[in-house]
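Each chain, letter by letter, is given below.
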Amino acid sequence: MARLLSLMKAGLSSPAGTGASRLGRWVAKEDDDAVYLKVPMPGLTKEHVEVRADKNILVIKGEGEKQPWDGDDDSAVPKYNRRIEVPADAYKMDKIKAEMKNGVLWVTLLKVKEDERKDVFHVKIE
């Protein structure tokens, strides 16, 4: 997880697995099966958010709608854009799960188990 967090583009990270964006503080936790990201995106719904895996890059984007009272102030529109380089051989990129609840995006990156990895070879000892 430390490697995953250290590869964050355009964000602040710390060993504790936290970071910041203009919309709020995100948190990452890890267990034996997956890495879990909690990304606050206040003012956004799932219709405003896009999560995709582009080769070994996890892309999280979100943009709210401009309101009539915002006028020409583009900074009033909530925006989020994060690119996370992910070691593709360590995570199941085709099994990433994302759920939006109450302005918080929850992303789950399942880990590839050692016996499922194609780059790990067990040598029989004779």
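Residues numbered from 1 in each chain as written. Predicted model: local features only at pLDDT ≥ 70, side-chain atom pairs only at ≥ 80, totals over all residues. Heavy atoms only, no water.

An unreviewed UniProt entry annotates the protein chain as SHSP domain-containing protein originating from Aegilops tauschii subsp. strangulata. UniProt, in the comment section headed Sequence similarities (unreviewed entry), describes the protein chain in these words: "Belongs to the small heat shock protein (HSP20) family." (UniProt positions renumbered as here; feature names shortened; annotations may be inferred.)

Student: Is there a simple way to think about the overall build of the protein chain in this case?
Tutor: The helix and strand tally for the protein chain stands at one helix and nine strands. Traced from its N-terminal end to its C-terminal end, the protein chain shows the element sequence α-β-β-β-β-β-β-β-β-β. Considering the protein chain as a whole, with its 126 residues, one finds that 34% of them fall into the buried category. As displayed, the protein chain offers around 8300 Å² of accessible surface, 51% of which is attributable to carbon and sulfur atoms. (Helix = DSSP H or I, 4+ residues; strand = E, 2+ residues; numbered from the N terminus. Buried < 20%, exposed > 50% of the residue type's maximum accessible area, 1.4 Å probe, protein only. Areas by Shrake-Rupley, 256 points an atom, 1.4 Å probe, with all protein chains shown as cover.)

Student: It is not clear to me how the sheet that holds strand β5 (residues 49–54) should be interpreted in this structure. Could you clarify?
Tutor: Within a sheet, neighbouring strands are paired by backbone hydrogen bonds and run either parallel or antiparallel to one another. Across the sheet, three strands lie side by side as β5-β6-β7; this open sheet has antiparallel pairing. Here the strands that pair on one side only, and so sit at the sheet edges, are β5 and β7 (79–85). Taking each pair of neighbouring strands and ignoring which way they run, the sheet shows an average axis angle of 10 degrees. With six bridges joining them, β5 and strand β6 (residues 57–63) adopt antiparallel strand pairing. Across the sheet, residue V51 finds its bridge partner in β6, namely I60. (Pairing = 2+ DSSP bridges. Axes fitted to C-alpha atoms, helices over the stretch in contact; angles between N-to-C directions.)

Student: Help me understand the nonpolar core in this model?
Tutor: If you look at the biggest cluster of nonpolar residues, it comprises 19 residues, and the most contacted ones within it are L37, V39, M41, L58, I60 and L105. Where this core is concerned, the elements lending two or more residues are β3 (24–30), β4 (34–40), β6, β7 and β9 (104–110). Those residues in contact with L58, other than ones at most four positions away along the chain, are L37, V51, R52, R82, R83, I84, V86, I96, V107 and L109. (Core = buried A, V, L, I, M, F, W, Y, C linked by side-chain atoms within 4.5 Å. Contact = heavy atoms within 4.5 Å.)

Student: Which parts of the structure should I look at to understand the side chain of K111?
Tutor: Within the secondary structure, K111 is located in the segment after β9. By relative accessible area, which is 18% here, K111 ends up buried. In this structure the side chain of K111 is engaged in a polar contact, spanning 2.6 Å, whose partner is the side chain of E30. Beyond its immediate chain neighbours, meaning those up to four positions away, K111 contacts E30, D31, D32, D33, A34, V35, A90, Y91, K92 and E116. (Polar contact = N/O pair within 3.5 Å; in protein donor to acceptor, adjacent residues only side chain to side chain.)

Student: Would you take a moment to explain the side chain of T108 for this structure?
Tutor: One can find T108 in strand β9. Look past the residues within four positions of T108 in its chain and what remains in contact with it is A34, V35, Y36, K95, I96 and K97.

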